[in-house]
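So the chains spell out like this:
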Amino acid sequence: MIDMTVDVELAPHEQRKSKPADILQVSFGTVFTDHMLSMEYSEKIWHPARIHPYRNLELDPSALVLHYGQGIFEGMKAYRRWDKCYLFRPEKNFERFNSSATRMVMPTINRDEALQNLIQLLKIEKDWIPQARGTSLYIRPTMIATESKLGVRPSEEYLYYVILSPVGPYFKSFEPVKIMVADQYVRAAKGGVGAAKTMGNYAASLKAAEKAKEIGYSQVLWLDANENRYIEEVGTMNLFVRFDDELATAPLQGTILPGITRDSVIHMTRDWGFNVSERMISIDEVIEGIESGKVLEIFGAGTAAVIAPVGNLWYKGHAYQVADGGIGELTQKLFDQLTGMQCGQVQDKYGWVTEFS
Ligand code: COI
């Protein structure tokens, strides 16, 4: 790893915030720590990163990101157990950040330096990393186009920044979630930006999410844009369907996010002897499988969501209960193994965990 330290301006003690007494009662991503990291890009180079008190950004109202959405982000988490802190496959997040940057015609960052800078920030904010099982410090690396210009072209100036937010589980408890299959809206088409973690993908998902909420569902499952037939992803997570002994998930064809939790689930379940396939799965196959009992469980996998059991699907005006509507056996095992590994309680035989203190 490159040995570099970042300039630090600490927040005066009297300006530091008090930490939430019970993080499990705090809504996801609403509380932020005292410090953040920033790094600016101009004249074709990245300037030195700085750690400084958390503060508002100063942006020209004509900054390109505000008009044309040239912005990307990542989601990762730091975990803590006593004095030791952990990151889960953080280099993968920075690699994906760089793929998103390339797709959105933005400059890439140095992966190892970004990780080292992040660890320096996390060491300063260590007391903010919650310890209770299921809690973590959510990390949001972000890059935005800051050049002041209304012409449609890639920005020549960017801001990379990292903010931190102590969080509990994304879904309030490890309870099965209800998902509405979108049959009127699409998230991403082939050749589009569905595989990039870019801001517009999330804005584009809001309308269908509203529809889901109206019928008492919390998430949306997207189908492919071409035929409106094959399952893609849930927006906040990738989806896995267990058909008897086969565990299936949608393939990476440029329209879904290449999830790091998705990749970890594939590795672990192959190791446990499952027949794991990355293949096109039609919604009809899923519905028929639910009706015949061939679908044993469905779950989502993502950084924020971790492993989320799916208890119910809504498709074309009908509700379909997945198996007994509860938490599947594999879903529970994956949740236990992943969360255990992430906080140093389960042996990390894959070398996925980066420890710091
Ligand atoms: C994550 O899992 O980190 C995500 O980015 C999903 C988020 C939009 C809540």
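The model shown is predicted, which means the values in this text are computed figures rather than measured ones.

Caption draft 1: Local environment of the environment of Phe356. Relative to the helices and strands, Phe356 is located in strand 18 (residues 353-356). For the pair Phe356 and Val322, spaced 34 residues apart in the sequence, the C-alpha separation amounts to 40 Å. The contact partners of Phe356, leaving out residues within four places of it in the chain, are Lys84, Cys85, Tyr86, Leu87, Ile119, Leu122, Lys123 and Ile129.

Caption draft 2: Seen up close, the packing of aromatic side chains. With the rule as written, the count across this model stands at 13 aromatic pairs. With a centroid separation of 5.5 Å and an interplanar angle of 20 degrees, the aromatic rings of Phe32 and Tyr54 are classed as stacked. With Phe32 in the loop between strand 1 (7-8) and strand 2 (35-42) and Tyr54 in the loop between strand 4 (50-53) and helix 1 (64-68), this pair connects stretches of sequence that are 22 residues apart. Aromatic rings pair up to connect Tyr41, Trp46, Phe97, Tyr158 and Tyr160 into one cluster. Positioned over the ring face of Tyr54 is Lys17, at 4.4 Å from the centre of the ring. Over the ring of Trp272 we find Lys333; its NZ or CZ atom is 4.1 Å from the centre of that ring.

Caption draft 3: Quick peek at the side chain of Asn238. Relative to the assigned elements, Asn238 resides in strand 12 (residues 238-243). A relative accessible area of 4% places Asn238 in the buried class. Polar side-chain contacts of Asn238 include one of 3.4 Å to the backbone nitrogen of Gly259. In this structure, Asn238 is in contact with Glu233, Ile256, Leu257, Gly259, Arg262, Phe299, Gly300 and Ala301, ignoring residues within four places of it in sequence.

Caption draft 4: The arrangement of the site of the ligand in detail. If you check the shell around the ligand, you find Phe73, Gly75, Tyr138, Arg140, Tyr170, Lys197, Tyr202, Thr303 and Ala304 and nothing else. Within the side chain of Lys197, one N or O atom sits 2.6 Å away from an oxygen atom of the ligand. For the ligand, an oxygen atom lies 3.4 Å from a polar atom in the backbone of Thr303. In isolation the ligand has 290 Å² of accessible area, and contact with the protein removes 90% of it.

Caption draft 5: Up close: the pattern of salt bridges. By the definition in use, this model includes 20 salt bridges. Two residues, Asp183 and Lys316, come together in a salt bridge whose shortest N-O distance is 3.9 Å. Of the two residues, Asp183 is situated in the loop between strand 10 (177-181) and helix 4 (199-203) and Lys316 in the loop between strand 16 (306-315) and strand 17 (318-321); the sequence distance between them amounts to 133 residues. On the basis of relative accessibility, which here comes to 53%, the residue Lys316 falls in the exposed class. Between Glu246 and Arg279 there is a salt bridge whose closest N-O contact spans 2.8 Å. Taken as a pair, Glu246 in strand 13 (residues 246-249) and Arg279 in the loop between strand 14 (275-278) and helix 7 (283-292) lie far apart in primary sequence, 33 residues in all. On the basis of relative accessibility, which here comes to 15%, the residue Glu246 falls in the buried class. Residues joined by salt bridges that share partners form a network here, namely Lys92, Glu95, Arg111 and Asp112.

Caption draft 6: Quick look at the domain arrangement of the protein chain. What the domain assignment lists for the protein chain is domain 1 (7-167) and domain 2 (177-342). Here the C-alpha centre of domain 2 lies 27 Å away from the C-alpha centre of domain 1. In this complex, domain 1 contributes 25 residues to the contact, which on the side of domain 2 involves 23 residues. The junction of domain 1 with domain 2 conceals about 1900 Å² of combined surface from both sides, 60% of it contributed by carbon and sulfur atoms. Considering only the side of domain 1, the residues that lose the most area to domain 2 are Phe73, Phe88 and Arg96, jointly responsible for 33% of the buried surface there. One can count one salt bridge joining domain 1 with domain 2. For the salt bridge of Asp263 with Arg89, the shortest nitrogen-to-oxygen distance reads 2.9 Å.

Caption draft 7: Spatial organisation of the pairing of strand 10. Taken across its five residues, strand 10 has four buried, putting it largely inside the fold. Where strand 10 lies against strand 16, four bridges are found, and the strand directions are parallel. Its bridge partner being in strand 16, Met180 is matched across the sheet by Trp314. As judged from the three bridges shared by strand 10 and strand 11 (residues 219-221), these two strands associate in the parallel manner. Across the sheet, Val181 pairs through a bridge with Leu221, a residue of strand 11.

Caption draft 8: Summary view of unusual backbone geometry. Backbone geometry places Val306, a non-glycine residue, at a positive phi of 60 degrees. The phi angle at Lys316 is positive, at roughly 45 degrees, despite the residue not being glycine.

Definitions and cut-offs
Residues numbered from 1 in each chain as written. Predicted model: local features only at pLDDT ≥ 70, side-chain atom pairs only at ≥ 80, totals over all residues. Heavy atoms only, no water. Helix = DSSP H or I, 4+ residues; strand = E, 2+ residues; numbered from the N terminus. Contact = heavy atoms within 4.5 Å. Phe/Tyr/Trp six-rings, centres within 6.5 Å; stacked < 30°, edge-to-face > 60°. Lys NZ or Arg CZ within 6 Å of the ring centre and 35° of its normal. Buried < 20%, exposed > 50% of the residue type's maximum accessible area, 1.4 Å probe, protein only. Polar contact = N/O pair within 3.5 Å; in protein donor to acceptor, adjacent residues only side chain to side chain. Near = heavy atom within 4 Å. Areas by Shrake-Rupley, 256 points an atom, 1.4 Å probe, with all protein chains shown as cover. Salt bridge = Lys/Arg side-chain N within 4 Å of Asp/Glu carboxyl O. Domains from an automatic or database assignment. Buried area = accessible area lost by both parts, 1.4 Å probe. Pairing = 2+ DSSP bridges.

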